[in-house]
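Structural description and commentary
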Amino acid sequence: VAGNTTFTANFSGASEAISLKISEINYHSESTRDGGDWFELRNDASGQVELSNFTIKDKDWYHRLEIPVGTVIAGNDHLVFAENPQQFNAEYPLVSNVAPFPLGFELSDKSDQIHLYDRSGTETAAAAYSSENPWPELADGFGLTLERHPDGLIPDAAASWFAGCVGGSPGSLFMPCPESSLLSEINYHSSMDADAGDWIELHNTSTGPLDLSGWQLRDDDDTHVYVFPNGTVISPDEPYHVFYQDETKFSVQFPAVTNK
């Protein structure tokens with residue numbers, strides 16, 4: 001170009017609206033599976049979104065992250081923002097779509113808000129949560145995460161969220177939980193006139209035998225450890241099995257129960 005020249009850009013097609021939502025939140029990890037606090041952002045549009053200089057905030061005004069230049073979320077994909085990426089990667093080594101920079105602040109164990117603002121300061125995604133009922137209480141330190149219902153249109157309503165799988169599903173769509181065993185029933189405070197002691201029930205959700213040999217049962221006191229004896233197997237033909245605190249108390253209240 002030898003001198004002053006005017007270039008006119010001609011575009012075809014139409015722009016696609018940004019469609020971002022916060023789809024999963026981990027705010028209080030279980031101590032043995034602690035990847036730190038993190039949340040997942042989903043792009044529901046087919047085109048990628050450039051997040052450079054977008055801003056993330058929580059309910060505290062001084063918790064603020066300006067997303068670095070070059071950060072992109074692909075179309076129909078997820079991007080995880082972690083409080084500590086190194087800690088997150090140690091717990092989730094197979095998750096690749098995690099931002100390489102730290103969120104810089106933790107999420108509250110009680111209740112919090114997450115807000116995403118674009119470069120003009122317009123809010124483009126948000127969510128709020130609480131650890132209190134009616135919110136899913138298993139996301140509060142019990143190893144599960146908050147997963148957003150596909151039709152959860154109100155991001156700060158408890159009905160829009162459910163407790164996901166153990167460890168969650170960061171960086172991907174929610175899938176049915178792969179766990180072969182579930183704590184299906186808990187009795188922790190019997191009435192005085194029907195005292196069966198404390199007991200739990202395990203459910204084998206698989207189609208084959210579940211061998212519990214060497215597995216451990218713990219509570220929030222690290223000195224309380226029960227090691228399942230060798231040969232402890234839950235058959236798919238009788239998929240429920242009870243483990244009691246006091247055999248005499250339990251048997252008096254439930255004399256017909258043999259899978260114990």
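Report follows, based on the coordinates.

Right, let's talk about the nonpolar core for a bit. Within the largest apolar cluster, 30 residues are counted, with the highest numbers of intra-cluster contacts made by I22, I25, L41, L51, I56 and F81. Taken together, the elements giving at least two residues each to this core come down to β1 (20-26), β2 (38-43), β7 (77-82), β8 (111-117) and β9 (123-130). Leave out the neighbours within four places in its chain, and I22 touches F39, E40, L41, I114, A125, A126, A127, R148 and W161.

Applying the stated criterion across every chain, the model contains one disulfide. Between C165 and C177 runs a disulfide, and the two sulfur atoms are separated by 2.1 Å. Taking the torsion about the sulfur-sulfur bond, which here is approximately -100°, the covalent link between C165 and C177 counts as left-handed. With C165 in strand β11 (residues 161-166) and C177 in the loop between β11 and β12 (181-187), the pair connects residues that are twelve residues apart, well separated along the chain. Of the residues examined, C165 reaches a relative accessible area of 6% and is grouped as buried.

Here the focus is the side chain of E24. You can see E24 is positioned in strand β1. Buried and without a salt bridge, E24 has R33 as its closest oppositely charged side chain, separated by 10 Å. Looking at E24, its side chain comes within polar contact range of the side chain of T145, at 2.7 Å. There is a polar contact of 2.9 Å between the side chain of E24 and the backbone nitrogen of S169.

In this chain, N133 is followed by P134 through a cis amide linkage whose omega measures 15°. Secondary-structure assignment places P134 in the loop between β9 and β10 (144-148). Although it is not a glycine, N53 adopts a positive phi angle of roughly 65°. By the secondary structure assignment, N53 is in the loop between β3 (49-50) and β4 (55-57). The residue N76 is not glycine, and still its phi comes out positive at about 55°.

What follows deals with the packing of aromatic side chains. Aromatic ring pairs: the centre-centre distance and the angle between the two ring planes describe each pair. Using the criterion set out here, one finds 15 aromatic pairs in the structure. Put simply, the rings of W199, Y244, F250 and F254 touch in pairs and so form one group of aromatic residues. The ring of Y117 has K57 lying over it, and the distance from NZ or CZ to the ring centre is 5.5 Å.

Cut-off values and rules
- Residues numbered from 1 in each chain as written.
- Predicted model: local features only at pLDDT ≥ 70, side-chain atom pairs only at ≥ 80, totals over all residues.
- Heavy atoms only, no water.
- Core = buried A, V, L, I, M, F, W, Y, C linked by side-chain atoms within 4.5 Å.
- Buried < 20%, exposed > 50% of the residue type's maximum accessible area, 1.4 Å probe, protein only.
- Helix = DSSP H or I, 4+ residues; strand = E, 2+ residues; numbered from the N terminus.
- Contact = heavy atoms within 4.5 Å.
- Disulfide = S-S within 2.5 Å.
- Lys, Arg positive; Asp, Glu negative; His and termini not counted.
- Salt bridge = Lys/Arg side-chain N within 4 Å of Asp/Glu carboxyl O.
- Polar contact = N/O pair within 3.5 Å; in protein donor to acceptor, adjacent residues only side chain to side chain.
- Phe/Tyr/Trp six-rings, centres within 6.5 Å; stacked < 30°, edge-to-face > 60°.
- Lys NZ or Arg CZ within 6 Å of the ring centre and 35° of its normal.

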